[in-house]
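# Structural characterization, general
Read off the chains here:
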Amino acid sequence: MLELVVFVSGALVMVLEMVGARVLAPHLGTSVIVWTSLIGVVLACLAAGAWLGGRLADRAVSERALARILAAAGAGTLVTALLHGIVGEAISERVPDLRAGAVVAAIILFGGPATLFGMVGPYVARLRLADMRTAGATVGRLSALSTAGSIVGTFLGGFVLVSYFGSTHILLGTGGGMVALSLMACRSRPAARLLLLCGVGALLWATASYAAYAEEATGIRVVETPYNHIRVYEGLMPDGLRLRCLATDPGRMQSAMYPDRPDELALPYTRFFALGPLLVPDASKVLMLGGGAFSVPRWLLAGGGGLDASRLSVDVVELDPGMTAEARRSFGLTDDPRLRVFHEDARVFCNRNRERYDLVLVDVFGSHYTVPFHAGTVEAARTLRDATRDDGVLLMNVIAAMDGVDGRLFRAIRGALAAHFAEVHVFAVRDSEDRHGVQNLMLLALPVPRPDFAPYLADVGERIRHAGTPTAAARDEVPHTGGNGMATVSGGVVPDAAMPDGVMLDSTSASSPHPVTHLPVTDVEMVRLLASRVRALSPDDTPPLRDDFAPVERYALGLLRR
């Protein structure tokens, strides 16, 4: 029985640690900083628990005392299950530094249970020791069993439990397992522990019922997948349009859709992907890295950007199958013979990919809480270049500033692309004049030089600035074309007369001094996109990311200031 105790407790402590990252994710993200804090705190508490367990075993040893330790570890885990949301939200709001917040949250939520788990091994060893001549073999056997249990718990938690159960239910199950283990270790006076075990069952039922009630009362649907903590909710735009949003990180949505106009692009940064069809109007093969709610693939397949949807094929690489399932449930994704979905890591896909695409759209840097560094390195850029046809275009979304310390991530990724692409242009989604503000930056990379493109962009931008243009905030709103020849935007209007020569709504493109004859720029929205190009980029003072050195956590840390 004692061997079973160390094996099961070793397994459950790893389940506790694995699910710990999931309960911190909605409030602090899932970066290496959060994982480092959690692992460090749990190891420290296990060490403290081992010391305490050994001291307690030297004073008095009994199966009843062991049962109390096990039950206390279970009760502590149950408290974590009930309070993790409150604690996580409070720390996210009150502790501005991510490192400090992650450490404090890990201590509060997991310090007590981990310490009690750590007490089990030394105490069981003392109970099992009967002959000092075999003490080494006994301690070694128990240690091996505990480690074997931890291995099982790691795979069980990472491969199975988080795929089928919510974090709160896993924590309740872990706590209930420790209480049940205490009953097996000592059957005397079981009333309190049986009552606690019944309470676990009631909590499992209550939390499931509350989740359904909370979704109906708040309008927020919460889904846990093997990779993400997804929240789906609805809101209203200033013009009254309903907006359905998908978020995986604190304080920022990753995808959105107009339920009444599902094939339109709702988020401002996604509209910049229209630059791809503008430059490659006959594109027929598209690769999208990062599916999210599949708003961009759906837009393309509906004929977005003027592409011939009947001859289009779109390959989407999305790491999380749960994300794709939610896109089908809440965001109108349907089966389409023109759409192929690959559920794997974007870099792994690119490493083995041998196909070439007209458009490569990269939207894997949708959060600075979790930066997939391996998708932005020089080596990754080489695989992206290999996937892009010579006359194709790559577009990549990055969240950062342009200058200063908050721009290091952007400059490092831009440098990586520049190592393999002939030209890299940058478009600022919110304000091209804001050098230090964090915003979406769209990188447009051309595999071969396009000597006509940069002068054309400069000409468009110059004419727009001379004619006057809406504020940056206005550009983030959805444009509507009225019947009076004016494109109205919340916050400003741009009459036809203000359009630069070469991009007039009447398509008089031949008058441009730098004509790009195949660019069909015939609407106000596209003019705004082109005019958002960043004219002067800072020197490349940040080394490009590389597979063997990509300090994205240090670069992104300043972006997490709240």
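Right above here is the structure, for reference.
A few points on the structure. All values derive from a computational prediction rather than experimental measurement. (Residues numbered from 1 in each chain as written. Predicted model: local features only at pLDDT ≥ 70, side-chain atom pairs only at ≥ 80, totals over all residues. Heavy atoms only, no water.)

## Observations concerning the packing of helix α3 (residues 63-94) against helix α6 (residues 167-185)
Threshold: Note on geometry: axes are C-alpha line fits, over the in-contact stretch for helices, and angles between N-to-C directions span 0 to 180 degrees. By definition, any uninterrupted DSSP run of H or I lasting at least four residues is a helix, any uninterrupted run of E lasting at least two residues is a strand, and each is numbered from the N terminus. Roughly parallel refers to an angle under 35 degrees, roughly antiparallel to one over 145, roughly perpendicular to one between 65 and 115, and oblique to any angle outside these ranges. By convention the crossing between two helices is left-handed if the near helix lies anticlockwise of the far one by an angle smaller than a right angle, and right-handed if it lies clockwise. Contact between two residues is taken to exist if any of their heavy atoms lie within 4.5 Å; hydrogens are not considered. In this classification, the charged set is Asp, Glu, Lys and Arg, the nonpolar set is Ala, Val, Leu, Ile, Met, Phe, Trp, Tyr, Cys and Pro, and all remaining amino acids, among them Gly, are polar.
Running from amino to carboxyl end, α3 crosses α6 at an angle of 170 degrees, the nearest separation of the two axes being 8 Å. Of the possible angle classes, the one that applies to α3 and α6 is roughly antiparallel. Between α3 and α6 the crossing geometry is left-handed. Between α3, through E63, L66, A67, L70, A71, A73, G74, T77, L78, T80, A81 and H84, and α6, the contact on the second element is made entirely by T168, L171, L172, T174, G175, G176, M178, V179, L181, S182 and A185. Across the contact of α3 with α6, the residue classes tally to 13 nonpolar, 9 polar and 1 charged.

## Here's the deal with the nonpolar core
Note the threshold: Within this scheme, the nonpolar core is defined by two criteria: the residues are buried Ala, Val, Leu, Ile, Met, Phe, Trp, Tyr or Cys, and they are joined through side-chain atoms within 4.5 Å. For every residue, the accessible area obtained with a 1.4 Å probe (protein chains only) is divided by the maximum for its type, and the residue is called buried under 20%, exposed over 50%, and partly exposed between those limits.
In terms of nonpolar packing, the biggest core is built from 54 residues, with L70 and V124 touching the most fellow members. Secondary structure elements with two or more residues in this core: α1 (2-28), α2 (32-59), α3, α4 (98-128), α5 (135-164) and α6. Other than its neighbours up to four places away in sequence, L70 contacts V5, V120, M178, L181, S182 and A185. Grouped together as the second largest cluster of nonpolar side chains are 47 residues, Y258, L278, V314 and L529 included.

## Digging into the pairing of strand β5 (residues 285-289)
Filter applied, for reference: Pairing between strands is defined by DSSP: at least two bridges between the two strands are required. The definition of a right-handed crossover adopted here requires that, viewed with the strands pointing away, the path from the first strand over the helix to the second runs clockwise.
With 4 of its 5 residues buried, β5 lies for the most part within the structure. In this sheet, strand β6 (residues 313-317) lies alongside β5 in parallel orientation, the contact comprising 5 bridges. The residue bridging V286 from the neighbouring strand is V314, located in β6. Each parallel crossover has a hand, and the one from β5 via helix α9 (residues 295-301) to β6 is right-handed. Here 4 bridges tie β5 to strand β8 (residues 357-362), and the two strands are oriented parallel to one another. Residue pairing across strands places M288 opposite L361, the latter belonging to β8.

## Details of the pairing of strand β3 (residues 242-247)
Of all 6 residues in β3, 5 are buried, a share of seventy percent or more. Hairpin connection of strand β2 (residues 229-236) to β3: 5 residues between the antiparallel strands, including G240 at a positive phi of 95 degrees. Summarising the sheet, β3 and strand β4 (residues 255-257) pair through 3 bridges and their orientation is antiparallel. Bridge pairing in β4 places L246 opposite S255.

## As for unusual backbone geometry
Among all residues except glycine, the phi angle is most often negative; among peptide bonds, the trans geometry is most common. Even without being a glycine, R189 presents a positive backbone phi close to 50 degrees. Position of R189 relative to the elements: it lies in the loop between α6 and α7 (191-218). With relative accessibility at 64%, the residue R189 sits in the exposed group. Phi is positive for F294, which is not a glycine, with a value near 65 degrees. Secondary-structure assignment places F294 in the loop between β5 and α9.

## Considering the sheet that holds β5
Read across the sheet, 7 strands follow the order β7-β6-β5-β8-β9-β11-β10 without closing on themselves; strand pairing throughout is mixed. Edge positions in the open sheet fall to β7 (339-342) and β10 (423-428), since each of these has one partner strand only. Mean inter-strand twist for the sheet, computed between neighbouring axes without regard to direction, equals 15 degrees.

## Quick look at the sheet that holds β2
The sheet built from 4 strands is open, its strands ordered β1-β2-β3-β4 with antiparallel pairing. For this open sheet the edge positions go to β1 (221-224) and β4, each flanked by a neighbour on one side alone. Between one strand axis and the next, the sheet turns by 20 degrees as a mean value, whatever way the strands run. Alignment of β2 against β3, held across 6 bridges, turns out to be antiparallel.

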